[in-house]
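Residues per chain are reported as follows:
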Amino acid sequence: MIGAIAIVTAVNAWQGYQQEQRGQASDLYQNLMDAVANNNPESIESLAGKLSNDYSKTTYSHYAALQLAKVKASKGDFASAKAILEKEIRNSDPALQHLSRLRLVQLLLETKQYEQGLKLIAEVDPAKVEGFAASYDELQGDLYMGLERYDEARNAYQSAIRSGQASPQVQFKLDDLTVAAPAKP
């Protein structure tokens, strides 16, 4: 009987501790979002670091890392942004892995590392991209455009549109591509 009480007490204490940790992480993340809204990169970096160090097992730390990567990229520190996103691809849940991968591909596109971006997309299992397929296809089209591989870009944009989840810009990109580089007969 005493053993059962001790177990219940320990479980309740552990659950209380976890709830407290989540609450503290939530508060820090809210402060980080306030810093984002106020365009305060120093606070963003500080709060993201604290979340990463003190609350690394929470989802908040992963979202904070995405914000930090954005700040690093906006400052032109592409190497740091890339390292952060690569870490998130390795260490976060599947949905955040896709989000991190998409942001990394956007970074590679911005820095004209087209082949590396295509390689990163090729590593994705097509069976596991539900909800992200159109975004991958659109970025693949953008990468092919950068390489002036227009037929492949056209195919990627068309694939994004066929998915039914493409952004409206994809049709504009496809229309512009058709004018700039008509399809080969």
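Look a little higher up for the structure.
Being a predicted model, the structure only gives us computed values, none of them experimental.

Visitor: How would you explain the overall build of the protein if you had to name every residue and give the values?
Guide: Across its full length, the protein holds nine helices and zero strands. Its helices and strands in sequence order give the protein the pattern α-α-α-α-α-α-α-α-α, from N to C terminus. When the 185 residues of the protein are sorted by exposure, 34% land in the buried category. Sequence separation of at least 24 residues holds for 50% of the intrachain contacts in the protein that already meet a minimum separation of 6.

Visitor: Residues and numbers for the nonpolar core, please.
Guide: In this structure, Leu32, Leu51, Leu104 and Tyr136 are the most contacted members of the largest nonpolar core, which totals 44 residues. Excluding residues within four positions of it along the chain, Tyr136 makes contact with His98, Arg101, Leu102, Ile121, Val124 and Val129.

Visitor: Account for helix 2 (residues 41-54), with residues named and values stated.
Guide: With 14 residues, helix 2 should cover 20 Å at 1.5 Å per step; its first-to-last C-alpha distance of 20 Å lies within 8% of that length. All buried positions along helix 2 are accounted for by Ile44, Leu47, Ala48 and Leu51. Summarising the axial view, the buried residues of helix 2 lie within an arc of 100°, below the 170-degree limit, and thus occupy one face. Looking at helix 2, the residues exposed on the side facing more than 90 degrees away from the buried face are Glu42 and Asn53.

Visitor: I'd like to hear about the pattern of salt bridges, residue by residue, with values.
Guide: What the rule picks out here adds up to nine salt bridges. Between Lys173 and Glu138 there is a salt bridge, with its nearest N and O atoms 2.7 Å apart. Residue Lys173 is located in helix 9 (residues 168-180), and its partner Glu138 is located in helix 7 (residues 133-146); the two are separated by 35 residues in the primary sequence. The network of salt bridges with shared partners includes Glu45, Lys72 and Lys75.

Visitor: With reference to specific residues and values, describe unusual backbone geometry.
Guide: In this structure, Asn39 takes a positive phi of about 50° despite not being glycine. Inspection of the secondary structure assignment puts Asn39 in the loop between helix 1 (2-37) and helix 2. Its relative accessible area of 64% is what places Asn39 among the exposed residues. If you check the backbone angles, Lys112 has positive phi at about 60° while not being a glycine. With respect to the secondary-structure elements, Lys112 resides in the loop between helix 5 (94-110) and helix 6 (114-122). Using a relative accessible area of 60% as the deciding quantity, one classes Lys112 as exposed.

Visitor: Please give an account of the packing of helix 2 against helix 3 (residues 59-74) that cites residues and values.
Guide: It is the contact of helix 2 with helix 3, at a shortest axis distance of 9 Å, that shows an interaxial angle of 145°. Crossing handedness for the pair helix 2 and helix 3: left-handed. Packed against helix 2, whose contacting residues are Pro41, Ile44, Glu45, Ala48, Leu51 and Ser52, the element helix 3 presents Tyr60, Ser61, Ala64, Gln67, Leu68, Val71 and Lys72 at the interface. Residues of the contact of helix 2 with helix 3, tallied by class, amount to eight nonpolar, three polar and two charged.

Visitor: Describe the side chain of Glu88, with residues and values.
Guide: Along the chain, Glu88 turns up in helix 4 (residues 78-91). In this structure, Glu88 is buried with no salt-bridge partner, the nearest side chain bearing the opposite charge being Lys87 at 5.4 Å. A polar side-chain atom of Glu88 sits 2.6 Å from a polar atom in the side chain of His62. For Glu88, the residues in contact, after removing those within four places along its chain, are His62, Ala65, Gln97 and Ser100.

Visitor: So, the packing of aromatic side chains: which residues are in play, and what are the values?
Guide: Under the criterion given, the structure shown has one aromatic pair. Centre to centre, the rings of Tyr29 and Tyr60 are 5.6 Å apart; their planes meet at 40°, and the pair counts as tilted. Of this pair, Tyr29 sits in helix 1 while Tyr60 is found in helix 3, placing the two residues 31 residues apart along the sequence. Residue Tyr60 is classed as partly exposed on the basis of its relative accessible area of 29%.

Conventions used here
Residues numbered from 1 in each chain as written. Predicted model: local features only at pLDDT ≥ 70, side-chain atom pairs only at ≥ 80, totals over all residues. Heavy atoms only, no water. Helix = DSSP H or I, 4+ residues; strand = E, 2+ residues; numbered from the N terminus. Buried < 20%, exposed > 50% of the residue type's maximum accessible area, 1.4 Å probe, protein only. Contact = heavy atoms within 4.5 Å. Core = buried A, V, L, I, M, F, W, Y, C linked by side-chain atoms within 4.5 Å. Expected span 1.5 Å × (residues − 1). Arc of directions from axis to C-beta. Salt bridge = Lys/Arg side-chain N within 4 Å of Asp/Glu carboxyl O. Axes fitted to C-alpha atoms, helices over the stretch in contact; angles between N-to-C directions. Left-handed = near helix turned anticlockwise from the far one by under 90°. Nonpolar A, V, L, I, M, F, W, Y, C, P; charged D, E, K, R; others polar. Lys, Arg positive; Asp, Glu negative; His and termini not counted. Polar contact = N/O pair within 3.5 Å; in protein donor to acceptor, adjacent residues only side chain to side chain. Phe/Tyr/Trp six-rings, centres within 6.5 Å; stacked < 30°, edge-to-face > 60°.

Read these as layout, nothing more, since geometry by itself doesn't imply function.
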